[in-house]
Amino acid sequence: VPRRGEGTTALTAAAIAELVGGTLEGDGAALAAHVAPLDRAGPGALTVFGSSRYRQWYAVTQASVVLVDPALAAHPGRPRARVLVERPQDALVDLLAHFAPVEPRPMGIHPTAIVAADVTIGSGVTIEAFAVVQSDVALAEGVWVGAHSVIGSQVRIGRDTRVHDHVSIGPRVEIGERCVIHPGSRIGREGFGFVERGGKAVRIPHLGRCVLEDGVEIGPNCTIDRGSIDDTVIGAGSKLDAMVHVAHNVRIGRACMLAAQVGIAGSSRLEDGCVLGGQVGLAGHLTIGAGAKLGAKAGVFGDVPAGETWSGYPARPHREFLRAQAAMFKLPQLLRTLEEQDAQGKTRRKESR
Amino acid sequence: VPRRGEGTTALTAAAIAELVGGTLEGDGAALAAHVAPLDRAGPGALTVFGSSRYRQWYAVTQASVVLVDPALAAHPGRPRARVLVERPQDALVDLLAHFAPVEPRPMGIHPTAIVAADVTIGSGVTIEAFAVVQSDVALAEGVWVGAHSVIGSQVRIGRDTRVHDHVSIGPRVEIGERCVIHPGSRIGREGFGFVERGGKAVRIPHLGRCVLEDGVEIGPNCTIDRGSIDDTVIGAGSKLDAMVHVAHNVRIGRACMLAAQVGIAGSSRLEDGCVLGGQVGLAGHLTIGAGAKLGAKAGVFGDVPAGETWSGYPARPHREFLRAQAAMFKLPQLLRTLEEQDAQGKTRRKESR
Amino acid sequence: VPRRGEGTTALTAAAIAELVGGTLEGDGAALAAHVAPLDRAGPGALTVFGSSRYRQWYAVTQASVVLVDPALAAHPGRPRARVLVERPQDALVDLLAHFAPVEPRPMGIHPTAIVAADVTIGSGVTIEAFAVVQSDVALAEGVWVGAHSVIGSQVRIGRDTRVHDHVSIGPRVEIGERCVIHPGSRIGREGFGFVERGGKAVRIPHLGRCVLEDGVEIGPNCTIDRGSIDDTVIGAGSKLDAMVHVAHNVRIGRACMLAAQVGIAGSSRLEDGCVLGGQVGLAGHLTIGAGAKLGAKAGVFGDVPAGETWSGYPARPHREFLRAQAAMFKLPQLLRTLEEQDAQGKTRRKESR
């Protein structure tokens, strides 16, 4: 039976076994009130033993409840209770929500927030301190706007989307339902577009919008520019980590994952389900096919076919890159061998004269 | 004759032909109220047909007005009106300003802004909600300070410069006329300078300033440090994209273009007219000659002569880099061939004994 | 005897000689009121002559006081006074504090700040305009919270720590004494962790904390995520430059230095005293041994032993990387030679038939 303690749930070993469908061993009344990694789990902790690499920690653990891979059941260890369960890491992830402290949500509009008279506000909307919501904005049911965020004119935000603190949303941005925008991100600014006129760089007006479809998550301190003529679009369910830059007119498909510090230059397209490692850079006007994977720090200057894994700088198919890298590090020895052969050849030719 | 509609201008095909100096064909009264790319341009749209790659879109377009390259005039397509004009993309760019919605500018100082008593404020200055302007600042005519921005003491900002929202301007920064600072940028913070004293890293005081000359543009979420002894300077007309980092004592010349996520380490110099691709990194104390170009993601560890194009990591002249890369990807095959020759050679030598 | 002028100290050459333990030559009453690099140092300036590369500037300097390396004493030059001192650059650094303008610190809590009723506030705490301090926070003696910063619930901040403006501190973050957080950094947000459930990416709750030990400095616009199960920890005295990303569960040891735009993926560990150049990227779950150095822009995909210097992408020991790079740029010539030999060989074999 779940019990509340310090704002989080405590669970007995018996309840945990039932929740994950595992087999209980030891004290079913053992109570887990928080979660910790195996090497730091003390009394009151729930933890996991999922790899024999960590058996020395399991041997001495003081944890109250340990989720144990059945394949590791023979390793010695005496937690107060253990629950044998396949893929114990996954089981732990599913249990985490029970232990997560609920972040308190202030209701309504804070008196210091500045909200234009013509803003449409659904039920259950939160607008925190010092937020600024400009003219003709529509915030659907359950939207949560964090402290200090600025929502530009004519922006639309779908239900249950959370905009954290210090976010800038430019004019005419459209954001779907259940999105999350982390602190400090800048969504819908005019992009980096200039033309030369009379020897000077002159700004191209940016008439396009920035559109985030349902379930999109944007990490902290990202910059997502709006389009010049076309829109910038991030497809449903796509997740961006911290400090990702998406330039004007870029189109990202559905369910893409972009790790931190990725940069995508103007007008490039990612089809659905692409996965980009950290610090990947894409040149402009490229197409990355559906389900393609780009290794961390890849510098991509050409199209990538669907389903392929590329890496390197400039990026190539991952295996080709690994082979070339391996060969490169044999090269100094090869050069030495060839020079020696050349020298011996010359000597031999001299001798044979 | 231009007509106003929903805050933007609508233009007839005849007016467009006149504005761009092109040849009108079809219905001169066809009205364009917005701009769209060819594949998404419907009735009421102005669009462009500038490459035969897009002829299938042109064939079926419902756009009201299409700017068409005369070289492509023979391709089939029946927009309501078309305007034949050389370099139609450029013509479109010049027309965009007619369709750009004017961002409403609140006038005066918002009552929630905090402005020190000794601040000098020119005519037509805007200071938005929750901005903080500290002691002894001077804001020239037409300066626009966005919501939540913090302007440090003794800062000078030239006429018609716009500082967007959530910007931090450190003490004693000097900003010229007609500059734009996008949201979330941090200008004039003390740089990353430490000395070791007694085994600890101790901060070096930063006495220098950060100076942005006229017409500089700084993208969102950039960090431009002030100098330690010397100043950090960004020359007139230079444009920086999002998340660019400029360390202390760096000097950037006039009319340079720096793409997103570039990083420049301390005391490096860019002469006039340099162009840096996205994610380029420069080590400290380098000189990049006038007009040099650095390819995206280049890692530069040495000086680059004026006018040259370099790329790679570590960066080399671009052609040399391309040749070496091409050779590298032939290397695995070469190694295999040499190993086979070696093996055959040994066999032959054995046989000949 | 030091004298105050315009909020900074002016020092005579005699006082400077005494402070740095150097030998005075020339006018001991010459007064230095500011510091400048040798090529821009005019009357009233203190500057340094530490390398013969700059002798042409020394020859014509108008500076009032120059710190001169005794080894360069013979070079011609006539400043009003000079002070001969070993390692004059270090001596200058130690003098800088005398010339640094003191940034004015407002005392107490600004009336616009929003501070929850149950916040614990030590003596001498500053909370600037529009800051938000949420429930159950503890701010020790001398803490300085900048304008617009948001301090989440249950955060603890140690004495004399400065949080600059526009910073977001997430819930339950622990910050030690004498730390500095520069503007726009996001500390303690939930990290980028998702599991697939029913074909969708579902967030993993982040129960861990983010802990900054004493004397940590975080540059502007950084993102430091909190842990999922474990904590994210940055060890005492470590310094991070601008736009550094530290993912969930990362542990950084003591006295590490991370240059700008570094990114560290989840669960990686840096032992004490590591030095990372700009734009370095680390994959997840790695261990970087104590005192290891990673060259700028290195892409690290494996563990690095203590004390070693690695660079490249993928990173290798620095010397191996340099040798391989050098060989790579000889490769095009090598391939040509081998092809010619091959062609000659074929010709010879043909001839010998």
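Every value quoted in this text rests on a predicted model; they were computed, and no experiment measured them.

Engineer: Help me understand the pairing of strand E23 (residues 194-197) of chain B, please; the structure alone is not making it clear to me.
Structural biologist: Successive side chains on a regular strand alternate, one facing one side of the sheet and the next facing the other. Residue and element names in this part refer to chain B. Looking at chain direction, E23 and strand E24 (residues 200-203) are connected through four bridges and run antiparallel. Residue pairing in the sheet places Arg197 in a bridge with Lys200 of E24. Between the end of E23 and the start of E24, which pair antiparallel, lie two residues, with Gly198 showing a positive phi angle near 65°.

Engineer: Is there a simple way to explain the interface of chain B and chain C in this structure?
Structural biologist: How big an interface is tends to be reported as the loss of accessible area on association of its parts. Residue-level contacts link 61 residues of chain B with 57 residues of chain C. Taken over both partners, the interface formed by chain B and chain C buries close to 4,500 Å², and the fraction arising from carbon and sulfur atoms is 67%. Interface area lost by chain B to chain C is led by B:Phe192, B:Ile229 and B:Tyr313, which between them contribute 17%. Counting every contact that joins chain B to chain C gives three salt bridges. Across the salt bridge formed by B:Asp230 and C:Arg40, the nearest N and O atoms sit 2.4 Å from each other.

Engineer: Mind showing me how you'd approach the relation of the copies chain A and chain C here?
Structural biologist: The two chain copies are connected by a rotation around an axis plus a translation along it. At an RMSD of 0.1 Å, chain A and chain C line up after a rotation of 120° and a shift of 0.1 Å along the axis. This pairing of chains is accounted for by a three-fold axis.

Engineer: Before we go on, may I ask you to explain the pattern of salt bridges in this structure?
Structural biologist: It is possible for side chains bearing opposite charge to pair when their charged atoms get close. A complete count under the given rule lists 55 salt bridges over all chains for this structure. Linking A:Asp230 and A:Arg251 is a salt bridge whose minimum nitrogen-to-oxygen distance equals 3.0 Å. Pair noted here: A:Asp230 is in the loop between strand E27 (223-226) and strand E28 (232-234) and A:Arg251 is in strand E31 (residues 251-252), with a separation of 21 residues, a long-range link. Between B:Arg82 and B:Glu25 there is a salt bridge, with its nearest N and O atoms 2.8 Å apart.

Engineer: Help me understand the sheet that holds strand E35 (residues 275-276) of chain C, please; the structure alone is not making it clear to me.
Structural biologist: Through backbone hydrogen bonds, the strands of a sheet pair up, either in parallel or in antiparallel fashion. Taking strand neighbours across the sheet as the criterion, the 12 strands line up as E9-E12-E15-E18-E21-E26-E29-E32-E35-E38-E40-E41 (chain C) in an open arrangement whose pairing is mixed. Each of the sheet's edge strands pairs with one partner strand only, and the pair in question is strand E9 (108-109) and strand E41 (315-317) of chain C.

Engineer: When you look at a nonpolar patch on the surface in this model, what are you seeing that I'm missing?
Structural biologist: All names here are of chain A. A grouping of Tyr54, Trp57 and Val60 is seen on the molecular surface, where their side chains present a nonpolar patch of about 290 Å² in accessible area. For Val60, the position within the fold is in helix H2 (residues 55-60). On the basis of relative accessibility, which here comes to 55%, the residue Val60 falls in the exposed class.

Basis of the calculations
Residues numbered from 1 in each chain as written. Chains lettered and ligands numbered in written order. Predicted model: local features only at pLDDT ≥ 70, side-chain atom pairs only at ≥ 80, totals over all residues. Heavy atoms only, no water. Pairing = 2+ DSSP bridges. Helix = DSSP H or I, 4+ residues; strand = E, 2+ residues; numbered from the N terminus. Contact = heavy atoms within 4.5 Å. Buried area = accessible area lost by both parts, 1.4 Å probe. Salt bridge = Lys/Arg side-chain N within 4 Å of Asp/Glu carboxyl O. Least-squares fit on C-alpha atoms with pLDDT ≥ 70 in both. Patch = residues over 30% accessible without salt bridge, like charges linked within 9 Å, V, L, I, M, F, W, Y side chains within 5 Å. Areas by Shrake-Rupley, 256 points an atom, 1.4 Å probe, with all protein chains shown as cover. Buried < 20%, exposed > 50% of the residue type's maximum accessible area, 1.4 Å probe, protein only.

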